[in-house]
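One letter stands for each residue in the lines below.
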Amino acid sequence: MYAENNTKKRGCIEVVCGSMFSGKTEELIRRLRRAQFANQVIAIFKPSVDNRYSDVEVVSHDSHSITSKPIKDAAEMLKVGPEVQVVGIDEAQFFGENLAAVCQALANRGVRVIAAGLDTDYLGKPFGPIPALMAIAEDVQKVHAICVKCGGLANHSHRLSKSRKLVVLGEKDIYEPLCRECYNAARAREEQEKHSLRLFDDQ
Ligand code: ZN
């Protein structure tokens, strides 16, 4: 892995991304804990939109948690002191388009930046600032969930609710991880249902 061998104080950007339930946050926490073991000074941030469990902790689905600071704008991360060697970012997809520039500035200062986030939204489209961040990162790791239909590797967060809002926070009652095939099949079924409802409305 790129940065685990990066023992000198050398700035870099690492991205850990995948669908929901893929273990992104667990991987972020694993890397941050190893930095803590190495006595490095770390700071952890998350967007304040995400307060599902707690306002002050990065919490993963298996409840391993690590304290983080909720912030509204990614630019607030630039205020970290010179003692900070590692910056962790959870739910990075909810930050604005300035995220890549902020991470770039931190890395250029010598900070190791580790960002975890969704790579695509529930429609399978690249999510917010993540594509730009992936492009400038030294290291990108895609992690996968397990498809609940076939047991294959899942890279889609399929939304079970009908809401069209981009950001609907929730857990297994709202999203299910699906592989490409099962996701396409589910979307095709939904389109068909929508179509037959429309026909019904016309009568
Ligand atoms: Zn599947």
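Keep in mind the model is a prediction, meaning the values are calculated, not measured.

Chemist: Which parts of the structure should I look at to understand the sheet that holds strand E1 (residues 12-18)?
Modeler: Strand pairing in a sheet relies on backbone hydrogen bonds, with the paired strands running either antiparallel or parallel. An order of E5-E2-E6-E7-E1-E8 is seen for the 6 strands of this open sheet, with the pairing classed as parallel. Sheet topology places strand E5 (69-71) and strand E8 (139-143) at the edges, where each strand pairs with a single neighbour. The average angle at which neighbouring strand axes cross in this sheet is 20°, direction not considered. Judged from the 4 bridges that link them, strand E2 (residues 42-47) and strand E6 (residues 86-89) form a sheet pairing that is parallel. Across the sheet, residue Ile42 finds its bridge partner in E6, namely Val86. Docked against the sheet, helix H1 (residues 24-37) engages E1, E2, E6, strand E7 (112-118) and E8, running at close to 165° with respect to E7. Helix H2 (residues 99-108) contacts E1, E6 and E7 of the sheet and is inclined by roughly 155° relative to E7.

Chemist: How do you make sense of unusual backbone geometry when you look at a structure like this?
Modeler: Excluding glycine, residues mostly have negative phi values, and the peptide bonds linking residues are mostly trans. The phi dihedral of Phe21 falls on the positive side, at around 65°, and the residue is not glycine. If you trace the backbone, Phe21 turns up in the loop between E1 and H1. Judged by the 19 C-beta atoms lying within 10 Å of it, Phe21 is partly exposed. One non-glycine residue, Glu91, adopts positive backbone phi at about 50°. Turning to its location among the elements, Glu91 is positioned in the loop between E6 and H2.

Conventions and cut-offs
Residues numbered from 1 in each chain as written. Predicted model: local features only at pLDDT ≥ 70, side-chain atom pairs only at ≥ 80, totals over all residues. Pairing = 2+ DSSP bridges. Helix = DSSP H or I, 4+ residues; strand = E, 2+ residues; numbered from the N terminus. Axes fitted to C-alpha atoms, helices over the stretch in contact; angles between N-to-C directions. Contact = placed C-beta atoms within 7 Å. Buried ≥ 20, exposed ≤ 12 C-beta atoms within 10 Å, placed from the backbone.

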